[in-house]
Amino acid sequence: KKVLSGLEELAAKKASVKDALMVAVQSRSIEQVQAAIAEAMDVGMAEEDISTARYVLEEERRKIKAREDLAGAVSSKDIAKLQAALDEAKASALEASESAEAEK
C-alpha cells in the first residue's frame, strides 16, 4: 500500500510538471523553459516528454543571438554583416518588425 501511494504521488508530480512544461513552452520564456526542463528531469520524465521544450529553448536562444547580431550589423554598417544577420533573422523566425531597421 505504501509503494502504491508513492507511485501515485510520483505520477501526480509528473502530471503537474508536464503541465508546467507545456505552460513554459507556450510562454517561450527562456527562464521558464529552463526551469521546467530541470524540474522534469528531476522527477525522471522521459526525454520524449521534454524534447519539445528543449527545441523551443534552442529556438529562443537562436532568436536572441539573431537580435544581437542584427544590432551589431546595423551599427557596423557593413553590408556583408547586415545580409548575414538578416538571413539569420529570417531563418530563426524573427518578426519582420525586428529586422526592419537592418533592411533600410
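The structure displayed is predicted, hence computed values, not measured ones. (Residues numbered from 1 in each chain as written. Predicted model: local features only at pLDDT ≥ 70, side-chain atom pairs only at ≥ 80, totals over all residues. Heavy atoms only, no water.)

1. Considerations on unusual backbone geometry
Argument step 1. Positive phi values are uncommon outside glycine, yet Arg-28 reaches one of about 60°.
Argument step 2. Mapped onto the elements, Arg-28 comes out in the loop between helix H1 (2-27) and helix H2 (30-42).
Argument step 3. You can call Arg-28 partly exposed: its relative accessible area is 30%.
Argument step 4. For Lys-77, which is not a glycine, the phi torsion comes out positive at approximately 60°.
Argument step 5. Within the secondary structure layout, Lys-77 lies in the loop between helix H3 (47-76) and helix H4 (79-91).
Argument step 6. Relative accessible area serves as the criterion here: at 66%, Lys-77 is assigned to the exposed category. (Helix = DSSP H or I, 4+ residues; strand = E, 2+ residues; numbered from the N terminus. Buried < 20%, exposed > 50% of the residue type's maximum accessible area, 1.4 Å probe, protein only.)

2. Notes on the nonpolar core
Argument step 1. Membership of the largest hydrophobic core comes to 15 residues, with the highest contact counts inside it found for Leu-21, Val-33, Ile-37, Ala-40, Met-45, Ile-50 and Ala-53.
Argument step 2. Of all the secondary-structure elements, those providing two or more residues to this core are H1, H2 and H3.
Argument step 3. Here this core takes five residues from H2, the largest share from any one element.
Argument step 4. Not counting chain neighbours up to four residues away, the residues in contact with Ile-37 comprise Leu-21, Ile-50, Ala-53, Arg-54 and Leu-57.
Argument step 5. With nine residues, the next largest nonpolar core counts Leu-70, Ala-85, Leu-86 and Ala-89 among its residues. (Core = buried A, V, L, I, M, F, W, Y, C linked by side-chain atoms within 4.5 Å. Contact = heavy atoms within 4.5 Å.)

3. Thoughts on the confidence of the model for the protein chain
Argument step 1. Here the protein chain averages 91 in pLDDT, and 96% of its residues register 70 or above.
Argument step 2. Mean pLDDT across the elements of the protein chain ranges from a minimum in helix H5 (residues 96-103), with 80, to a maximum in H2, with 96. (pLDDT = per-residue confidence, 0-100.)

4. A closer look at the side chain of Glu-60
Argument step 1. Residue position: Glu-60 is located in helix H3.
Argument step 2. Every residue in contact with Glu-60, bar those within four places of it in the chain, is listed here: Arg-28 and Ile-30.

5. Considering the pattern of salt bridges
A side chain of one charge can pair with a side chain of the opposite charge when the charged atoms of the two come close.
Argument step 1. Applying the stated criterion across every chain yields a total of ten salt bridges.
Argument step 2. Lys-18 is paired through a salt bridge with Asp-49; the nearest N and O atoms lie 3.8 Å apart. One end of the pair, Lys-18, is in helix H1; the other, Asp-49, is in helix H3, with 31 residues separating them in the sequence.
Argument step 3. The network of salt bridges with common partners includes Arg-28, Glu-59, Glu-60 and Lys-63. (Salt bridge = Lys/Arg side-chain N within 4 Å of Asp/Glu carboxyl O.)

6. As for H4
Argument step 1. In this model H4 runs 18 Å from its N-terminal to its C-terminal C-alpha over 13 residues, within 8% of the 18 Å that 1.5 Å per residue would give.
Argument step 2. Restricting attention to buried positions, one finds in H4 the residues Leu-82, Ala-85, Leu-86 and Ala-89. Burial along H4 is one-sided: seen end-on, the buried residues are contained in an arc of 100°.
Argument step 3. On its buried face, H4 sits against H3 and H5. (Expected span 1.5 Å × (residues − 1). Arc of directions from axis to C-beta.)

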